[in-house]
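The chain contents come next:
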Amino acid sequence: MCTLISLRRQALLSVFAGLLLLATACWADVHSDLYIEPGKQFVLGGNQRGAFKVAAHNVGKVAVEVKERPANGAVFSKATLNPGQRAILRFAAGSAAVLVNTTTIQANLDLHITGAGGLDMRNQDNASK
């Protein structure tokens, strides 16, 4: 009888641990020291199931424009981060954060990303979508 109860507890603990692991795998908590080359943009996310949040600090010497590209593709501006400025930016499920450096100097952002896990991250030319 004690063995049966012990096995049930172990099974319950295993199921709980599996569910906890699954939940954390779907939730991101990423820190990034991001550099964006002159005339380039960095795209974070797009087509993910959940929303995400970016706590951004512009630690560079040039302004960076932050845009949101929803799943429907209609890009809109969210903010411009001047050097030294901080912002907390929220992005909807399926949206991408587009961080644009239109200057001739390298941009540098300190990012803390939370929310939906498995976000795509890629650099693009500013003319790309």
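Residues numbered from 1 in each chain as written. Predicted model: local features only at pLDDT ≥ 70, side-chain atom pairs only at ≥ 80, totals over all residues. Heavy atoms only, no water.

Caption draft 1: Local environment of the overall build of the protein. Scanning the protein for helices and strands turns up one helix and nine strands. In sequence order, the protein lays out its α and β elements as α-β-β-β-β-β-β-β-β-β. Across the 129 residues in the protein, those meeting the buried criterion constitute 33%. Sequence separation of 24 or more characterises 81% of the internal contacts of the protein that already satisfy a separation of 6 or more. (Helix = DSSP H or I, 4+ residues; strand = E, 2+ residues; numbered from the N terminus. Buried < 20%, exposed > 50% of the residue type's maximum accessible area, 1.4 Å probe, protein only. Contact = heavy atoms within 4.5 Å.)

Caption draft 2: Structural context of the sheet that holds strand S5 (residues 76-81). Sheet architecture is open: five strands sit in the order S5-S4-S7-S2-S9, paired in antiparallel fashion. Looking along the sheet, the strands with just one partner apiece sit at the ends: S5 and strand S9 (121-125). For this sheet, the mean angle separating the axes of adjacent strands, direction not counted, is 25°. Looking at chain direction, strand S2 (residues 40-45) and S9 are connected through five bridges and run antiparallel. When the sheet's bridge partners are listed, glutamine 41 is paired in S9 with glutamine 124. (Pairing = 2+ DSSP bridges. Axes fitted to C-alpha atoms, helices over the stretch in contact; angles between N-to-C directions.)

Caption draft 3: The arrangement of unusual backbone geometry in detail. A positive phi angle, near 70°, is found at asparagine 47, a position not held by glycine. Mapped onto the fold, asparagine 47 is located in the loop between S2 and strand S3 (52-58).

Caption draft 4: The arrangement of the nonpolar core in detail. Ile36, Leu44, Phe52, Val54, Leu99, Leu109 and Leu111 are the most contacted members of the largest nonpolar core, which totals 22 residues. Among the elements that line this core, the one with the most residues is strand S8 (residues 107-116), at five residues. Those residues in contact with isoleucine 36, other than ones at most four positions away along the chain, are Gln41, Phe42, Val64, Leu99, Asn101, Gln106, Ala107 and Leu109. (Core = buried A, V, L, I, M, F, W, Y, C linked by side-chain atoms within 4.5 Å.)

Caption draft 5: Representation of the pairing of S3 within the structure. Across the seven residues that make up S3, a large majority, five, are buried. Of the pairings in the sheet, the one linking S3 to S8 comprises seven bridges and is antiparallel in character. Across the sheet, the residue bridging to alanine 56 is leucine 111, located in S8.

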